[in-house]
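Working through the structure, step by step
Residues per chain are reported as follows:
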Amino acid sequence: MPDSPRAAIKGLGVAVPDRVLTNTDLESFVDTSDEWIVQRTGIRQRRVVSNGQTTASLAADAAKAALNDAGLDAGELDLIICATVCPEMILPATACFIQSELAATRAAAFDLNAACSGWLYALTVADQFIRTGTYNRVLVVGSETLTRFTDYTDRATCVLFGDGAGAAVLEADDSGLRGILYNVMHADGSGWDFIHVPAGGAREVASHRTVAERKHFIKMRGRDVYKFAVEKMQWLLADCTKACGLSPDDVDLVVPHQVNVRIIKSATDKVGLPLDKVYINIDRYGNTSAASIPLALAEARQDGRIGVGSLVLLVAFGAGLTWAGTVVRL
Ligand code: ACO
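What you see as residue numbers is a count from 1 along each chain, following the sequence as written. Where totals are concerned, whole chains, interfaces and linings use all residues; where local detail is concerned, this predicted model gives features only for residues with pLDDT of at least 70, and gives and counts side-chain atom pairs only at 80 or more. As a rule here, side-chain values come from all non-hydrogen atoms in the structure, and water together with hydrogens is ignored.

1. Details of the packing of helix α3 (residues 55-70) against helix α4 (residues 94-102)
- Structural elements are reduced to axes, namely lines fitted to C-alpha atoms, with helices fitted over the stretch in contact, and the angle between N-to-C directions of any two is expressed from 0 to 180 degrees. A run of H or I in DSSP counts as a helix once it spans at least four residues, and a run of E counts as a strand once it spans at least two, with each numbered from the N terminus. Contact pair α3 / α4: the axes reach a minimum separation of 9 Å and the direction vectors enclose 50 degrees. On the basis of their axis angle, the class for α3 and α4 is oblique. Judged by the sense of rotation from one axis to the other, the crossing of α3 with α4 is right-handed. Two secondary-structure elements touch here, α3 through Thr 55, Ala 56, Ala 59, Ala 60, Ala 63, Lys 64 and Leu 67 and α4 through Thr 94, Phe 97, Ile 98, Glu 101 and Leu 102.
- In the contact of α3 with α4, the residues fall into eight nonpolar, two polar and two charged. An angle below 35 degrees is read as roughly parallel, one above 145 as roughly antiparallel, one from 65 to 115 as roughly perpendicular, and any other as oblique. Here is the rule for handedness: rotate from the far helix to the near one, and if that takes an anticlockwise turn smaller than a right angle the crossing is left-handed, while a clockwise turn gives right-handed. Residues are treated as being in contact if the distance between any of their heavy atoms lies within 4.5 Å. Gly is placed with the polar residues, together with every amino acid not listed as nonpolar (Ala, Val, Leu, Ile, Met, Phe, Trp, Tyr, Cys and Pro) or charged (Asp, Glu, Lys and Arg).

Below is the structure:
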């Protein structure tokens with residue numbers, strides 16, 4: 001029996017828009033090709049929100065599915081954390097919209113922005129609340145509508161991003177058999193301009209000029225991000241396995257942030273993890289930032305790749321710069 005309860009993932013849920021944007025669709029209005037996108041990124045299609053769908057509506061749908069999977073009512077939640085870089089509004093927090101939609105009347109609610117590492121940062125925060133006994137049930141959602149902030153005149157970024165949401169319900173577990181075993185989080189703010197949206201915040205408020213200059217869209221230094229992502233993914237895999245005394249054989253599945261197949265292959269190769277232990281669904285969803293890991297985790301379970309008792313490594317890296325890892329026994 002552990003000294004304090006562990007935070008166990010008791011339910012998972014996802015929500016993705018029905019609308020599919022394929023590489024071939026992109027070819028009709030962007031100077032690109034299916035061949036280039038597949039070869040450089042592994043992406044074949046992504047989901048795109050329709051009018052009326054928002055970060056909070058996707059998040060609430062994923063949350064309802066996760067609660068249903070956990071067999072819990074929203075009224076039993078103590079806390080809702082929403083990881084997102086596409087907030088419903090600058091204020092209030094997207095998590096408050098989710099709380100209202102779920103009627104989770106007992107739950108505190110706040111947002112967390114650590115970009116593509118956001119869901120793992122949120123998982124770590126939830127884990128702390130549960131380990132200390134402050135809360136018993138925490139909903140952790142990653143939800144993004146990145147296509148709303150994607151500049152379709154910039155071919156270097158517009159092929160990468162997609163929309164979606166994933167959620168987990170964490171519950172205190174005393175069995176000693178399940179739960180989060182290890183978390184690590186890091187940041188390096190000196191790399192803030194690797195991936196950013198220049199205007200719309202306090203530094204440069206929205207104006208006719210910022211709109212005309214397309215400063216409300218995601219800007220990215222692709223090659224720098226690529227190098228950063230390979231290095232940090234490699235480091236995270238080594239750190240997580242070392243901290244938990246694991247060999248590659250002990251790991252049932254690695255679920256990485258779905259950033260780029262080449263990045264994932266290069267990093268796992270360097271640490272000697274066979275690709276059949278790595279879950280990849282970027283071909284169908286593109287990069288969905290904070291939604292990418294819970295989306296992939298839920299699909300991996302649905303596909304039968306993992307189940308209760310599986311040992312899973314989660315690793316993410318993104319704007320900030322931020323990077324984070326979690327080891328969990330499902
Ligand atoms: N279609 C066709 N050609 C393109 C496209 C496109 N969509 N985009 C760029 N090109 C061209 C460039 O203009 C360039 O042409 P040139 O040689 O004539 O100048 C050529 O392709 C090579 O461009 P590079 O930028 O060097 O291509 P690279 O191999 O680095 O691939 C990519 C670009 C896919 C963006 C890669 O750098 C990458 O994946 N970086 C990581 C970025 C990322 O995933 N960010 C996500 C957000 S942050 C996060 O999740 C961590």
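Picking up where we left off.
2. Some points on the nonpolar core
- With 44 residues, the main nonpolar core has Met 233, Leu 237, Val 254, Leu 313 and Phe 317 as its most contacted residues.
- For this core, the elements supplying multiple residues, two or more each, are α8 (222-243), α9 (261-270), β12 (311-318) and β13 (322-329).
- Here this core gets eight residues from one element, more than from any other, and that element is α8.
- Residue ranges for the domains trace back to a domain assignment, done automatically or taken from a database. The residue makeup of this core includes at least three contributed by each of domain 1 (6-176) and domain 2 (180-329).
- Not counting residues up to four positions away in its chain, the partners in contact with Leu 313 are Leu 237, Cys 240, Thr 241, Leu 246, Val 251, Leu 253, Val 254, Val 255, Thr 326 and Val 327.
- With 36 residues, the next largest nonpolar core counts Leu 12, Leu 120, Tyr 121 and Val 138 among its residues. Nonpolar cores were defined as sets of buried Ala, Val, Leu, Ile, Met, Phe, Trp, Tyr and Cys residues, with membership established by side-chain atoms within 4.5 Å. Using a 1.4 Å probe on the protein chains alone, a residue whose accessible area is under 20% of its type maximum counts as buried, one over 50% counts as exposed, and one in between counts as partly exposed.

3. Some thoughts on α4
- When we look at burial in α4, the residues that qualify are Thr 94, Ala 95, Ile 98 and Leu 102. Taken around the axis of α4, the buried residues stretch over an arc of 100 degrees, which confines them to a single face.
- Buried-residue contacts for α4 involve α3, β4 (79-83), β5 (108-112) and β6 (137-145).
- Positive backbone phi, at 55 degrees, marks Ala 103, one or two positions downstream of α4. Here the arc refers to the set of directions running from the helix axis out to each C-beta atom.

4. Some details on the domain arrangement of the protein
- The domains assigned to the protein are domain 1 (6-176) and domain 2 (180-329).
- Here the C-alpha centroids of domain 1 and domain 2 sit 14 Å apart.
- Counting residues at the interface gives 52 residues for domain 1 and 45 residues for domain 2.
- What counts as buried area is the accessible surface, traced by a 1.4 Å probe, that two parts surrender upon association, with contributions from both included. Of the roughly 3,900 Å² buried where domain 1 meets domain 2, counting both sides, 64% is carbon and sulfur surface.
- Of all residues in domain 1, the largest losses of buried area upon contact with domain 2 belong to Cys 116, Leu 120 and Tyr 121, amounting jointly to 17% of the total for that side.
- By convention in these notes, a salt bridge is any Lys or Arg side-chain nitrogen within 4 Å of a carboxyl oxygen on Asp or Glu. Put simply, Arg 301 and Asp 69 hold a salt bridge, and the shortest N to O gap is 2.7 Å.
- Between N or O atoms, a polar contact is any pair within 3.5 Å; within protein, one atom must be a potential hydrogen donor and the other a potential acceptor, and residues adjacent in sequence are included only when both atoms are from side chains. Summed over the shared surface of domain 1 and domain 2, the number is 22 residue pairs in polar contact (both at pLDDT 80 or more).

5. Some points on the site of the ligand
- Note on terminology: near, applied to a residue and a molecule or strand, indicates that one of the residue's heavy atoms is within 4 Å of it. Taken together, 24 residues form the shell around the ligand, and within it Thr 32, Arg 40, Arg 155, Arg 223 and Asn 260 come nearest.
- Between the ligand and Trp 36, the relevant distance is 3.3 Å, taken from an oxygen atom to a side-chain nitrogen or oxygen of the residue.
- In this structure, Arg 40 approaches the ligand through a side-chain N or O atom, which is 2.6 Å from an oxygen atom.
- In the complex, 76% of the free accessible area of the ligand, which totals 1,000 Å², lies under the protein chains.
- At four residues, α8 tops the list of elements feeding residues into the shell around the ligand.
- Counting residues domain by domain, the shell around the ligand receives three or more from each of domain 1 (6-176) and domain 2 (180-329). Per-residue and other accessible areas were derived by the Shrake-Rupley procedure at a 1.4 Å probe size, with only the shown protein chains allowed to occlude residues.

6. Brief notes about the packing of aromatic side chains
- Note on aromatic contacts: the rings of Phe and Tyr and the six-membered ring of Trp form a pair at centre separations within 6.5 Å, being stacked when their planes are under 30 degrees apart, edge-to-face when over 60 apart, and tilted otherwise. All told, the structure shown has three aromatic pairs when counted by the stated rule.
- With 6.0 Å between their ring centres and 50 degrees between their planes, Phe 29 and Tyr 152 make a pair best called tilted. On the criterion of sequence distance, the pair formed by Phe 29 in the loop between α1 (23-27) and α2 (34-41) and Tyr 152 in the loop between β6 and α6 (155-158) is long-range, its members being 123 residues apart.
- When the centroid spacing of 5.9 Å and the interplanar angle of 75 degrees are considered together, the rings of Phe 228 and Trp 323 count as edge-to-face. Here Trp 323 lies in strand β13 and Phe 228 lies in helix α8, a separation of 95 residues in the sequence. Each of the two residues, Phe 228 as well as Trp 323, counts as buried.
- Ring-over charges, as used throughout, are those where CZ of Arg or NZ of Lys falls within 6 Å of the ring centre and within 35 degrees of the ring normal. For Arg 203, the ring lying beneath its charged end belongs to Trp 192, and the centroid distance is 5.3 Å.
- Its end group placed over the ring of Trp 323, Lys 232 keeps NZ or CZ at 4.2 Å from the ring centre.

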